[in-house]
Amino acid sequence: MGMVTIRIDGKPIEVEEESYILQAAQTLAIDIPTLCWYRYINPYAACRLCMVEITDKRGRVRMVTSCNFPAEAGLGVRTHTPRVLATRRMNFEMLASRCAPAPVLVDLGKKLGIENPRWGWGEDTCILCGLCVRVCDEVVGAQAIGFAARGTSRTVTTPFEVDSEACILCGACAAVCPTGHIRMEECSGREIVHREITLGPNAAISVPFRQAVPNAPRIDPEYCVHFRTGGCKVCAQVCPMECIDHEDEERREEIEVGAVILATGFQDLDPTPLKQYGYGKLPNVITSMEFERMNSAAGSTDGKILMEGGQEPRSIAILHCIGSRDEKHHPYCSRVCCMYALKFAHLVKEKTTAEVYQLYIDLRSFGKGYEEFFQRILTEGVNLIRGKGAEVVPAPQSRRDEGPLLVRCEDTLAGRFREIPVDMVILCTALEAQQDAKETGRKFGVSVGADGWFIERHPKLGPVSTTTDGIFLAGACQGPKDIPDAVAQGGAAAAQAMSLMIRGEVEMDAACAVVDEALCSGCRLCNELCPYGAISFDIEKTLSLVNAALCKACGTCAAGCPSGAIKGLHFTDQQIYAEIEGILS
């Protein structure tokens, strides 16, 4: 399709033939009001507010709707003549006589110079623009809603006005509805659901988080409309670089590397099994990560600290060591909890007038500048109570006006039992090793401790190395640590990996296991015993072979071999006897 030149309010513009006048006017930043136009569906001209006056190549002058009138060579368009404005005002007043004064209609009326429509305002919140019906049909492909009846009785509804099984709850109809007639609401009527607040945009295509590497959007097939109905693909239409391929499939790639840095991170403890804290059962009992997400300026609440009803809390309790320093869960300290709990208290005081209660076992402010921050918190009016929170329960009716939640604890400094009424409780949950850490460690020949963290070669002399050469550790996969420590360890691991690569050649230990082929029976017991995966089985020769580069001469295979076919190089019985004889002589 070729390009044609048209004139809009005297301004020439070259547009694609058969494209619409409204799009051309928007390119020139000329404002034409419309309530029923959406770029990715066929124009419908339902509201008729986008009227313009045209002169075609034959010289005919007439009024048309700009959203669905195609451009043709020599077309002249006038968007603000007295006739155009009068037609728009008439159409708007007829629309207003049936519809309620939604904000978008009130604002549009002011732009058209209409404060009070001559026939008044109606009561219907639906303007029958059809955007919801058409986006559900043409874009989503669900066809869950449609028009019913005719004329003034026309409505948008589901077939036979029953709950539609075709609806996939994508929210597209609510997103395009100009008046808010269709809304997405939480089932229980809550304004905020803390567990559903995310750090990034709540959409099917988004960047996982701001610091993601690579920092590129990804599509979640579980929420993507295309993968659910086969429709949409709007994202592919708007991408100027044509980077989106919905037909792409998952694939596995094998890459040869000389070094590996394990940085698998940690996971938060799920406090649901700890029934005494009421997480998942009591409203406004949230985890530290959920509070962090809500407190983010880029989050759903714009950084405001709010309860599920949308109100600002009057009092907040922050409970330390939930699952940490606990023999029933994790006996270790999670290290970061004390300081981020103090940070939470500072942010609450900065953003709200709420009272803050910190319930702790021992405060551990060990890092650079941490003790100074702790002293600063003491001057901000934060209430520190030495004693672990025992349980969180609903407040009795007699104390409900003080707060809906009651935190029970023992104040060890005051030597008494306390019940603290609060509006919100934040649980500082333990840092746990990843669930698949043991399996990952087995693949890379790295040992895993009793708590699930990877074990380094030496806690002081080799904190980023492992017992397997070329495998290094970085971050919280080795144990709980804060951001400065994780960054420092990441740099150290990268330096260790670079030192291997730039060397070109790597010296190996002389000691390793060797297989006597004459004695090997091919039982494969050594293959299972080797903790480093250094022994493989040759099917053609029906015997086991040792990869000297992977072998660490631990002796496990030699000790377990039933036929004595595996020996430690330089550690045969004859060599050891010779060494003993040499010493004794």
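All figures in this text were calculated on a predicted structure; none of them were measured in a lab. (Residues numbered from 1 in each chain as written. Predicted model: local features only at pLDDT ≥ 70, side-chain atom pairs only at ≥ 80, totals over all residues. Heavy atoms only, no water.)

### Thoughts on the overall build of the protein
Here comes step 1: Looking only at helices and strands, one finds 15 helices and 25 strands in the protein.
Here comes step 2: The C-alpha atoms of the protein give a radius of gyration of 35 Å, which is well past the 25 Å a tight globule of 585 residues would have.
Here comes step 3: Taking the principal axes of its C-alpha atoms as reference, the protein extends roughly 120 × 70 × 50 Å.
Here comes step 4: Among the 585 residues that make up the protein, the fraction classed as buried is 40%. (Helix = DSSP H or I, 4+ residues; strand = E, 2+ residues; numbered from the N terminus. Rg over C-alpha atoms; globule rule 2.2 N^0.38 Å. Buried < 20%, exposed > 50% of the residue type's maximum accessible area, 1.4 Å probe, protein only.)

### A look at the nonpolar core
Here comes step 1: Formed by 32 residues in total, the largest nonpolar core has its most connected members in Phe291, Met294, Ile316, Ile318, Val348 and Ile426.
Here comes step 2: Among the elements of the structure, helix H8 (288-295), strand E13 (315-322), helix H9 (337-351), helix H10 (370-378), strand E19 (424-429) and strand E20 (431-433) are those that each provide at least two residues to this core.
Here comes step 3: The dominant element in this core, judged by the number of residues it contributes, is H9, at eight residues.
Here comes step 4: One finds Cys99, Leu105, Ala172 and Val234 within the second-largest nonpolar core, a separate group that totals 28 residues. (Core = buried A, V, L, I, M, F, W, Y, C linked by side-chain atoms within 4.5 Å.)

### Things to note about the confidence of the model for the protein
The predicted coordinates should not be examined in detail at positions where pLDDT is low.
Here comes step 1: This prediction gives the protein a mean pLDDT of 88; 99% of its residues lie at or above 70.
Here comes step 2: Per-element mean pLDDT across the protein ranges from 82 in strand E8 (residues 205-206) up to 96 in E19. (pLDDT = per-residue confidence, 0-100.)

### Some remarks on the side chain of Arg88
Here comes step 1: Of note, Arg88 is situated in helix H2 (residues 82-96).
Here comes step 2: Buried charge without a partner: Arg88 forms no salt bridge, and the closest opposite charge is Asp31, 7.1 Å away.
Here comes step 3: There is a polar contact of 3.0 Å between the side chain of Arg88 and the backbone oxygen of Met51. (Lys, Arg positive; Asp, Glu negative; His and termini not counted. Salt bridge = Lys/Arg side-chain N within 4 Å of Asp/Glu carboxyl O. Polar contact = N/O pair within 3.5 Å; in protein donor to acceptor, adjacent residues only side chain to side chain.)

### Points about the packing of aromatic side chains
Here comes step 1: A complete count under the given rule lists six aromatic pairs for this structure.
Here comes step 2: With 5.3 Å between their ring centres and 45° between their planes, Tyr340 and Phe344 make a pair best called tilted. Separated by four residues within a single helix, Tyr340 and Phe344 lie in helix H9, roughly one turn from each other.
Here comes step 3: For Phe344, a relative accessible area of 1% gives the class buried.
Here comes step 4: The rings of Phe291, Tyr340 and Phe344 are connected pair by pair, giving a single aromatic cluster.
Here comes step 5: Across the ring face of Phe537, the terminal group of Arg524 is positioned such that the distance to the ring centre comes to 3.9 Å. (Phe/Tyr/Trp six-rings, centres within 6.5 Å; stacked < 30°, edge-to-face > 60°. Lys NZ or Arg CZ within 6 Å of the ring centre and 35° of its normal.)

### Quick word on unusual backbone geometry
Here comes step 1: Of note in this structure, Arg335 is not a glycine but carries a positive phi near 70°.
Here comes step 2: Relative to the elements of secondary structure, Arg335 occurs in the loop between E13 and H9.
Here comes step 3: On the basis of relative accessibility, which here comes to 29%, the residue Arg335 falls in the partly exposed class.

### Some details on the packing of H9 against H10
Here comes step 1: Their axes nearest at 10 Å, the elements H9 and H10 cross at an angle of 35°. As H9 packs across H10, the resulting crossing turns out to be left-handed. In this structure, H9 contributes Met339, Leu342, Lys343 and His346 to the contact, and H10 contributes Tyr370, Phe373, Phe374, Arg376 and Ile377.
Here comes step 2: A class-by-class count of the residues in the contact of H9 with H10 yields six nonpolar, one polar and two charged. (Axes fitted to C-alpha atoms, helices over the stretch in contact; angles between N-to-C directions. Left-handed = near helix turned anticlockwise from the far one by under 90°. Contact = heavy atoms within 4.5 Å. Nonpolar A, V, L, I, M, F, W, Y, C, P; charged D, E, K, R; others polar.)

### Observations concerning the environment of Gly109
Here comes step 1: Tracing the backbone shows Gly109 in helix H3 (residues 103-111).
Here comes step 2: Between the C-alpha atoms of Gly109 and Ala96, which are 13 residues apart in sequence, the distance is 9.1 Å.
Here comes step 3: Setting aside residues no more than four positions away along its own chain, Gly109 makes contact with Phe92 and Ile114.

### Observations concerning the sheet that holds strand E18 (residues 416-422)
Here comes step 1: Taken in spatial order, the three strands of this open sheet run E16-E17-E18, and their pairing is antiparallel. Each edge of the open sheet carries a strand with a single partner, namely strand E16 (389-394) and E18. Each strand axis lies, on average, 25° off the axis of its neighbour in the sheet, ignoring direction.
Here comes step 2: Both E16 and strand E17 (residues 405-411) contribute to a ladder of five bridges, which runs antiparallel. Counterpart to Pro394 in the pairing with E17 is Leu405. (Pairing = 2+ DSSP bridges.)

### A short note on the pattern of salt bridges
Note that side chains of opposite charge can pair when their charged atoms are close.
Here comes step 1: If you walk through the whole model with that rule in mind, you get 24 salt bridges.
Here comes step 2: Across the pair Glu391 and Arg408 runs a salt bridge whose closest N-O atoms are separated by 2.8 Å. Remark: Arg408 occurs in strand E17 and Glu391 occurs in strand E16; sequence separation between them is 17 residues.
Here comes step 3: On the basis of relative accessible area, Glu391 is assigned to the partly exposed category, the value being 26%.
Here comes step 4: We note a salt bridge from Lys552 to Asp469, for which the minimum N-O separation is 2.6 Å. Taken together, the positions of Lys552 in the loop between strand E24 (543-546) and helix H14 (556-560) and Asp469 in the loop between helix H11 (437-444) and strand E21 (471-473) put the pair 83 residues apart, joining distant regions of the chain.
Here comes step 5: Residue Lys552 is classed as partly exposed on the basis of its relative accessible area of 25%.
Here comes step 6: Overlapping salt bridges bring together Glu391, Arg399, Glu402, Arg408 and Glu419 as one network.

### Here's the deal with the sheet that holds strand E2 (residues 11-16)
Here comes step 1: Taking strand neighbours across the sheet as the criterion, the five strands line up as E2-E1-E5-E3-E4 in an open arrangement whose pairing is mixed. In the strand order of this sheet, the two ends are held by E2 and strand E4 (61-65), each with one partner. Looking at each pair of strands side by side, their axes are set apart by 35° on average, direction ignored.
Here comes step 2: Where strand E1 (residues 3-8) meets E2, six bridges bridge the pair, whose relative direction is antiparallel. Looking at the pairing, Arg7 lines up with Pro12 of E2.
Here comes step 3: Across the face of the sheet, H2 comes into contact with strand E3 (51-55), E4 and strand E5 (76-78) while running at roughly 150° to E3.

### Focus: the side chain of Gln478
Here comes step 1: Locating Gln478 in the fold gives a position in the loop between E21 and helix H12 (483-503).
Here comes step 2: By relative accessible area, which is 16% here, Gln478 ends up buried.
Here comes step 3: Of note is the side chain of Gln478, whose polar atom sits 2.5 Å from the side chain of Gln489.
Here comes step 4: Among residues more than four places away in sequence, those in contact with Gln478 are Trp453, Phe454, Glu456, Pro463, Leu473 and Gln489.

### Section: H8
Here comes step 1: For H8, every residue scored as buried is listed here: Ser288, Glu290, Phe291, Met294 and Asn295. In an axial view of H8, the angular spread of the buried residues amounts to 160°, which keeps them on one side of the axis.
Here comes step 2: Those residues of H8 hidden inside the fold are in contact with strand E12 (285-287), H9 and E19. (Arc of directions from axis to C-beta.)

### Observations regarding the pairing of E3
Here comes step 1: Of all five residues that make up E3, four are buried, and the element is covered over most of its length.
Here comes step 2: Note: E3 against E4, five bridges, orientation antiparallel. Considered in E4, the bridge of Val52 is made with Val64.
Here comes step 3: Linkage of E3 to E4, two consecutive antiparallel strands, is achieved through a turn of five residues, within which Gly59 is found at a positive phi near 90°.

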